[in-house]
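Remarks on the overall topology
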Amino acid sequence: MDQSYILNHLGEERDQYFGAIAPPVIQSSNFALTSIAHLREAMLAEFDHHLYTRGNNPTVAILRKKIAALEGTEDALITSSGAAAIATAVLGLVQLGDHVVCVQNPYSWTRHLLDQFLPRFGVSATFVDGTDLAVIENAILPNTRVLFLESPNTMTFGLQDLAACAALAKEHQLITCIDNSCSSPLFQKPAAFGIDLVMHSATKYLNGHSDVVAGVICGSRQLIQQIFDRAYMVLGPIISPSDAALIIRGLRTLPLRMERSQQSAAILAERLSLHPAVQQVIHPWRNDFPQSELAKKQMTGTGGLFSILLHTTDPKAIFRFVESLHVFLLAVSWGGHESLIFPVAAVHQLPGKDDPPFPVNLVRLYIGLEDPEFLWADLEQGLSRIQTA
Ligand SMILES: *Cc1c(COP(=O)(O)O)cnc(C)c1O
């Protein structure tokens, strides 16, 4: 289906709401049924009927259709956060005694779900180097149910070969899940490689304006219905209709935003690679990225995220650089209109927390929609502070 049609029209049944161009925010918790027969029908299949907004809501349903079509899957669920999407999907798949194989260094709360939360309910996990198929296969146990991928990850951009992982999982009858937030559905469509469930933090590119926290789960109707019945209706991780409307609005410009972010990121990555304070640029599209060939095989673009390794490992010098920036904002997250910077050194040696598994001189940049020349001027003046004690 044409992508521009999906983003601008699919699911919008304007004749049902006075021809309104902007979809209405149906801010209603529940819905009146026309007959007992209709009520009984809705109770049996909340997934498809408007009975109660924890299960289904007309504004959210528009977003479900668009997201499923973007990922090329039969259906989708929208959740209150990306973390909720991941937890809800996994909780809908596993039961007591099951085992999950997950790539190493996934998003921190995915790791927390698998190595802290699920063990309390008798579900265990093994984390493996996702670049090596043999290592993944060796980790599969008789009770393994799920293979969880995140490709690329959002700090060092490590990839997994999606087609090979999907084939391996089929052989062992595992359900494959992927966190596809980094690429957005525009630049990578995991279902086309045979991946069963695709998750996103919609907080990032899909909404794109840093004003909504949300997530999505995409997959076959059968798997989405299973997750709906076993986890979604129990846990209740729903999005409000007004937030769904904001995401629908954000989607209108998704290709324009991604294209701009990606172009500016490529320009800045190149300039940073030539800067004397920078040891290395980590960007999956660049030729010196170890998996760039795989990236170009299974993705059609990369977006606005990349990382640099600075020559200095002195946190004071790194913080002088980061704190002297005027345009780049010091923040977690990414995918909005604004450029952001996140130095790993900031979260080293936090009391009571493990150090993140990334080098202390790694700094992640997210390139937003500002003029790249303006951003470069900011980075250049910031980097000049590294040397001056
Ligand atoms: C942000 C993020 C999440 C979590 O999403 P929230 O919307 O913040 O809950 C999950 N995975 C990745 C890769 C992310 O960047």
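Residues numbered from 1 in each chain as written. Predicted model: local features only at pLDDT ≥ 70, side-chain atom pairs only at ≥ 80, totals over all residues. Heavy atoms only, no water.

**Observations concerning the sheet that holds strand E12 (residues 362–366)**
Sheets are built from strands that pair by backbone hydrogen bonding, the pairs being arranged parallel or antiparallel. Spatially, the five strands line up as an open sheet ordered E8-E9-E12-E11-E10, and their pairing is mixed. The open sheet is flanked by strand E8 (278–282) and strand E10 (329–330), the only strands paired with a single partner. Looking at chain direction, E8 and strand E9 (residues 305–310) are connected through four bridges and run antiparallel. Bridging from a neighbouring strand, Gln-280 pairs with Leu-309 of E9. (Pairing = 2+ DSSP bridges. Helix = DSSP H or I, 4+ residues; strand = E, 2+ residues; numbered from the N terminus.)

**Some points on the nonpolar core**
The biggest cluster of nonpolar side chains holds 59 residues, and the ones touching the most others in it are Leu-63, Ile-67, Leu-147, Leu-149, Ile-247 and Leu-251. Lining this core are residues from two domains, each supplying at least three of them: domain 1 (3–252) and domain 2 (254–388). Leaving out residues up to four positions away in the same chain, Leu-149 has contacts with Val-103, Gln-160, Leu-162, Cys-165, Cys-177, Ile-178, Asp-179 and Ile-195. (Core = buried A, V, L, I, M, F, W, Y, C linked by side-chain atoms within 4.5 Å. Buried < 20%, exposed > 50% of the residue type's maximum accessible area, 1.4 Å probe, protein only. Domains from an automatic or database assignment. Contact = heavy atoms within 4.5 Å.)

**Considering the side chain of Ser-183**
Mapping Ser-183 onto the fold places it in the loop between strand E5 (175–179) and helix H8 (184–187). A residue is classified by how much of its surface remains accessible, and Ser-183, at 0% relative accessible area, is buried. Among all residues touching Ser-183, those that are not within four sequence positions of it are Ser-151, Pro-152, Gln-188, Met-258 and Met-299.

**Concerning the site of the ligand**
Among the 15 residues in the neighbourhood of the ligand, the closest are listed as Gly-82, Ala-83, Asp-179, Thr-203 and Lys-204. Between Ala-83 and the ligand, the recorded distance is 2.8 Å, taken from a backbone N or O atom to an oxygen atom. At 2.8 Å, a side-chain N or O of Ser-201 approaches an oxygen atom of the ligand. Protein chains bury 90% of the 380 Å² of accessible surface belonging to the ligand in isolation. Among the elements that make up the shell around the ligand, the one with the highest residue count is helix H4 (residues 82–93) (three residues). Looking at the shell around the ligand residue by residue, the classes come out as six nonpolar, six polar and three charged. (Near = heavy atom within 4 Å. Polar contact = N/O pair within 3.5 Å; in protein donor to acceptor, adjacent residues only side chain to side chain. Areas by Shrake-Rupley, 256 points an atom, 1.4 Å probe, with all protein chains shown as cover. Nonpolar A, V, L, I, M, F, W, Y, C, P; charged D, E, K, R; others polar.)

**Points about the domain arrangement of the protein chain**
Often, the extent of an interface is quoted as the loss of accessible area upon association of its parts. In terms of domains, the protein chain is made up of domain 1 (3–252) and domain 2 (254–388). Averaged C-alpha coordinates put domain 1 and domain 2 at centres separated by 28 Å. Counting from both sides, the interface comprises 34 residues of domain 1 and, opposite them, 36 residues of domain 2. Between domain 1 and domain 2, a total of about 3000 Å² is buried, with carbon and sulfur atoms accounting for 64% of that surface. Three residues, Met-155, Phe-187 and Tyr-205, lead the burial of domain 1 against domain 2; their summed loss comes to 29% of the area buried on that side. The tally of links from domain 1 across to domain 2 stands at one salt bridge. When residues of the side of domain 1 that touches domain 2 are traced back to their parent elements, those giving at least two are helix H1 (3–8), H8 and helix H10 (241–252). The residue makeup of the side of domain 1 that touches domain 2, split by class, is 13 nonpolar, 18 polar and three charged. (Buried area = accessible area lost by both parts, 1.4 Å probe. Salt bridge = Lys/Arg side-chain N within 4 Å of Asp/Glu carboxyl O.)

**Some details on the pattern of salt bridges**
The tally for this structure, following the rule as stated, stands at twelve salt bridges. Across the pair Asp-75 and Arg-64 runs a salt bridge, and its minimum N-O distance is 3.1 Å. Residue Asp-75 is found in strand E1 (residues 75–79), and its partner Arg-64 is found in helix H3 (residues 58–71); the two are separated by eleven residues along the sequence. Across the pair, exposure class does not vary: Asp-75 and Arg-64 are buried alike. Here Glu-270 makes a salt bridge to Arg-286, at a shortest N to O gap of 2.9 Å. Placement of Glu-270 in helix H11 (residues 254–273) and of Arg-286 in the loop between E8 and helix H12 (292–298) is noted, with a sequence separation of 16 residues between them.

**Let's talk about helix H14 (residues 372–383)**
With twelve residues, H14 should cover 16 Å at 1.5 Å per step; its first-to-last C-alpha distance of 16 Å lies within 8% of that length. Taken together, the buried positions of H14 are Pro-372, Leu-375, Trp-376, Asp-378, Leu-379, Gln-381, Gly-382 and Leu-383. Where H14 is buried, its residues touch H11, E9, helix H13 (315–323) and E12. A distance of 2.8 Å separates the backbone nitrogen of Glu-373 from a side-chain oxygen at the start of H14, and that oxygen is part of Asp-371. (Expected span 1.5 Å × (residues − 1).)

**Considering the pairing of strand E6 (residues 197–201)**
Burial analysis of E6 places five of its five residues in the buried class, which makes it a mostly covered element. Judged by which residues are buried, E6 turns out to be covered on both faces: Leu-197, Met-199 and Ser-201 on one side and Val-198 and His-200 on the other are all buried. Pairing of E5 with E6, which is carried by three bridges, proceeds in the parallel orientation. Counterpart to Cys-177 in the pairing with E6 is Leu-197. Relative to strand E7 (residues 215–219), E6 runs antiparallel, the two being bridged by four bridges. The partner of Val-198 across the bridge, within E7, is Cys-218.

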